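Listed here are the chains, written in short residue letters.
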Amino acid sequence: MDDSIRKSTILKIIAFLLFCLGCVGTALYGTGIIGAVDFGMIDEQGYQEVGDYRDSYSVTYSMRQHALDAVDINVTNDEFISILPQDLMIRVYETEDDEKTLLYDDIDEKDLYRSETVTIHSEIYENQDGSLYWYTYPDGERIREQEYGPNVHPSDGANGRTLVEMRTYDVEVGVRKQLAGDSFISRNCRWQELLQDHLKEFIPGTVFSAIAVLVGLAMMIWTAGWKKNAETPQPSWLGKVPYDLLTVILAGACVTAAYAMVSMAEYFDVNVVTNRSMAAGFLALMFLFAAFIYVWLYELAARLRNGTFIRNNIITYLVVWMWKMCMAVLRWALQHIILPFIDMMKSFFRLPLVWQLVWLGCTGFVLSLTLYAAGHMYGAAAFLLALAGMVVCFLSLRCFIGVRTVSDLTGRIASGDYPEETPDSVLRIHAEPFRTQIRTLSSVSTGLKNAVDEAMKSEHLKTELITNVSHDIKTPLTSIINYADLLQKDPTEEQRKEYVDRLYKQSLRLKKLTEDLVEASKASTGNIPLSLGPVNIAEILEQSLAEYDEKFSLMNLDVITEADRELKATADGRLLWRVISNLLSNVSKYALPGTRVYINAGWNDAGKVSITIRNISAEPLNISSDELKERFVRGDTSRHTEGSGLGLNIAESLMKMMNGELNIIIDGDLFKSELILPAA
């Protein structure tokens, strides 16, 4: 079926009306069925014809109940007062030795429809304080389990109560022929007549209403969450309200509606069935009640479909918040209590055995004295004394550990082992004087380590110079010596020109290597003048490309440049030109002839200036980007091309001086270099 149908607003309205009207119909017809069963109109044999409601057992039970109430209230009075509803009449006799005395009579024989007579016994007790207590109960069928006087149980008679008198009453209760319009009997009679008129409509109506509810519910579930022009289920306009809060609101609205319905019926004392205005209000409230249920079920289906049912709840928020709070407390306890305690125990067990025994002995002595003294005290004083003893033991342990840590650090520094900076978690377990000394020793260790690293770096540079550059220096020097020797052997004019040209090229190569060595040394030590300011990137790129235009043409390299004319970076123009020149020099030496070179300049996601140069390498790049940026390392491992292997290292050093970065990315034969500088 087309999804556009399930997204139709008309279909959702139909589902809403079917569900709400079906709920109202089910409630009304179901109430009719219950009333018909209660009146005996429907039983196992099917539909039954019934008589007057005044002949029913319900009325008979009510008549006996009211007779018992009348006697119970008037038993200690000299005179009877009728408390019956207006549709009932009463005649009361007191029976003593088979003699009857009429106490009260308001039965009109002309208006009497029928009557019931019940014999009622009353026992009157006197309490010790002189107050009376009565116990009233009927003969024959037990209408009530027990009837008591005010707030006293008859078993209390064993505690001094005395039986004063026993009385027997014959009470006749009758039902009037002419019923009052607003009495419960008259209302039930009219309710019975209404049920009788529509008796055979209740069961089919209930079935059809239930079917309408199910169809509306199925359509609601099928369409819930779907909207026009949406490919996935979407939340409704109530989707932002937490579901449990929505449930409370709708439940409160339903309870309020039901309470309003009952209150109006009681306040106006009208029959919902026979009063049209009350019936209309009743139906409206039932429809509203059904609408609330529909909204609740619709939101349930929609949220289950779009996956927001669980997370969009106040309870879920509270559970997540409590979970985060518990995790935060656990992390805090782990960081500030558990880990420091573990570190302290580790430090304690690293102490010399003699120190451990001394501390255990001292703390044992202090705790013994503390417990002995606390045993002669009470309450807060004993607690404070015991707490003071534990604090003394704790502080002494920190002092022992501090002395040991300072001693270890001093020994390691003296032996040439320069420990790294002491973590805060370790510093926390030391007392304050030792904490300051540990920080000082850590700073001394760091300074010495940096000095040693610089010395090692310088020594490593010398070793690299001897190891890696010896071949590059030896080759041009050997060529210079050989061609100078050939010039001394009286060559021809053509040979002389060739030898001089070779000498010139080898001299330039030796000069370039020497300049690179000097520049690498200056860049690594930061001994290059630096003048930072706004630099136009497009102009720098144009100047650099103009220098290498001839070389790129000889290699048939097609350079494609894309740079914003307004792009500016904070840099030193001379040093930035040197960096770009080094990168373009690498392109001219190692790029595959006949390929394209892409140069892009713009802003990156972090708001900085980014210059990217990409080319295809002529030789396989079986080396990492970090190795390429080291000194004397070439992508050409056979070293048959010109170059010292210092270009990328120099470029990286210059970029660091300008607060920038040089990133090298190798993807197969694709060589990508990226310069990142602060924007101007």
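Below is a summary of the structure that appears in this document.

About the thresholds
- Residues numbered from 1 in each chain as written.
- Predicted model: local features only at pLDDT ≥ 70, side-chain atom pairs only at ≥ 80, totals over all residues.
- Heavy atoms only, no water.
- Helix = DSSP H or I, 4+ residues; strand = E, 2+ residues; numbered from the N terminus.
- Buried < 20%, exposed > 50% of the residue type's maximum accessible area, 1.4 Å probe, protein only.
- Contact = heavy atoms within 4.5 Å.
- Areas by Shrake-Rupley, 256 points an atom, 1.4 Å probe, with all protein chains shown as cover.
- Polar contact = N/O pair within 3.5 Å; in protein donor to acceptor, adjacent residues only side chain to side chain.
- Pairing = 2+ DSSP bridges.
- Axes fitted to C-alpha atoms, helices over the stretch in contact; angles between N-to-C directions.
- Patch = residues over 30% accessible without salt bridge, like charges linked within 9 Å, V, L, I, M, F, W, Y side chains within 5 Å.
- Salt bridge = Lys/Arg side-chain N within 4 Å of Asp/Glu carboxyl O.
- Lys, Arg positive; Asp, Glu negative; His and termini not counted.
- Charge placed at Lys NZ, Arg CZ, Asp CG, Glu CD.
- Core = buried A, V, L, I, M, F, W, Y, C linked by side-chain atoms within 4.5 Å.
- Phe/Tyr/Trp six-rings, centres within 6.5 Å; stacked < 30°, edge-to-face > 60°.

1. Observations regarding the overall build of the protein
Then, number 1: A tally of helices and strands in the protein yields 17 helices and 14 strands.
Then, number 2: Relative to its 680 residues, the protein shows a buried fraction of 37%.
Then, number 3: Within the protein, residue pairs in contact and separated by at least 24 positions form 72% of the contacts whose partners lie at least 6 positions apart.
Then, number 4: Carbon and sulfur atoms make up 60% of the accessible area of the protein, which totals about 39,700 Å².

2. Things to note about the side chain of Arg 91
Then, number 1: With respect to the element layout, Arg 91 can be found in strand β3 (residues 88-96).
Then, number 2: Polar side-chain contacts of Arg 91 include one of 3.1 Å to the side chain of Asp 105.
Then, number 3: For Arg 91, the side chain forms a polar contact with the side chain of Glu 109, separated by 3.0 Å.
Then, number 4: Leaving out residues up to four positions away in the same chain, Arg 91 has contacts with Leu 102, Tyr 104, Asp 105, Ile 107, Glu 109, Asp 170, Val 171 and Glu 172.

3. Side note on the sheet that holds strand β7 (residues 162-176)
Then, number 1: Here we have 5 strands laid out as an open sheet, ordered β4-β3-β7-β5-β6, and antiparallel in their pairing. Where the open sheet ends on each side, the last strands, each with one partner, are β4 (99-105) and β6 (132-138). Neighbour-to-neighbour, the strand axes of this sheet turn through a mean angle of 30 degrees, independent of strand direction.
Then, number 2: The sheet strands contacting helix α3 (residues 57-74) are β3, β5 (112-126), β6 and β7, and the helix crosses β5 at an angle near 35 degrees.

4. Here we look at the pairing of β7
Then, number 1: Relative to β7, β3 is paired through 8 bridges, and the arrangement is antiparallel. Bridging from a neighbouring strand, Met 89 pairs with Gly 174 of β7.
Then, number 2: Bridge count for β5 against β7 is 14 bridges, and the pairing is antiparallel. Along β7, the bridge assignment pairs Ile 120 with Tyr 169.

5. Examining a negative patch on the surface
Then, number 1: A cluster of acidic side chains, namely Glu 96, Asp 97, Asp 98 and Glu 99, defines a negative patch on the protein surface.
Then, number 2: With respect to the helices and strands, the residue Glu 99 is situated in strand β4.

6. Details of the nonpolar core
Then, number 1: Core analysis: the biggest nonpolar cluster contains 39 residues, and Ile 537, Leu 576, Val 579, Leu 584, Met 658 and Leu 675 have the highest contact counts within it.
Then, number 2: No other element matches helix α15 (residues 573-590), which puts 7 residues into this core.
Then, number 3: Dropping the residues within four chain positions of it, Met 658 is found in contact with Leu 530, Leu 532, Thr 570, Ala 571, Asp 572, Leu 575, Leu 576, Val 579, Leu 677 and Pro 678.
Then, number 4: Residues Ala 67, Val 92, Val 118 and Val 171 belong to the second largest nonpolar core, which totals 31 residues.

7. A closer look at the packing of aromatic side chains
Each aromatic ring pair is summarised here by two numbers: the centre-to-centre distance and the angle between the ring planes.
Then, number 1: The final tally for this structure, using the stated rule, is 6 aromatic pairs.
Then, number 2: Seen in terms of ring centroids, Tyr 294 and Tyr 298 are 6.3 Å apart; in terms of plane orientation they differ by 25 degrees. Their pairing is stacked. Highlighted residues: Tyr 294 and Tyr 298, both in helix α7 (residues 276-306), separated by 4 residues, approximately one helical turn. Taken as a pair, Tyr 294 and Tyr 298 share a single burial class, namely buried.

8. Let's talk about unusual backbone geometry
Then, number 1: The phi dihedral of Asn 556 falls on the positive side, at around 60 degrees, and the residue is not glycine.
Then, number 2: Here Asn 556 is to be found in the loop between α14 (537-554) and β9 (558-563).
Then, number 3: Within the chain, Asn 659 stands out as a residue other than glycine whose phi angle is a positive 60 degrees.
Then, number 4: Mapped onto the secondary structure, Asn 659 falls in the loop between α17 (647-657) and β13 (661-667).

All quantities given are derived from atomic positions and should not be read as evidence of function.
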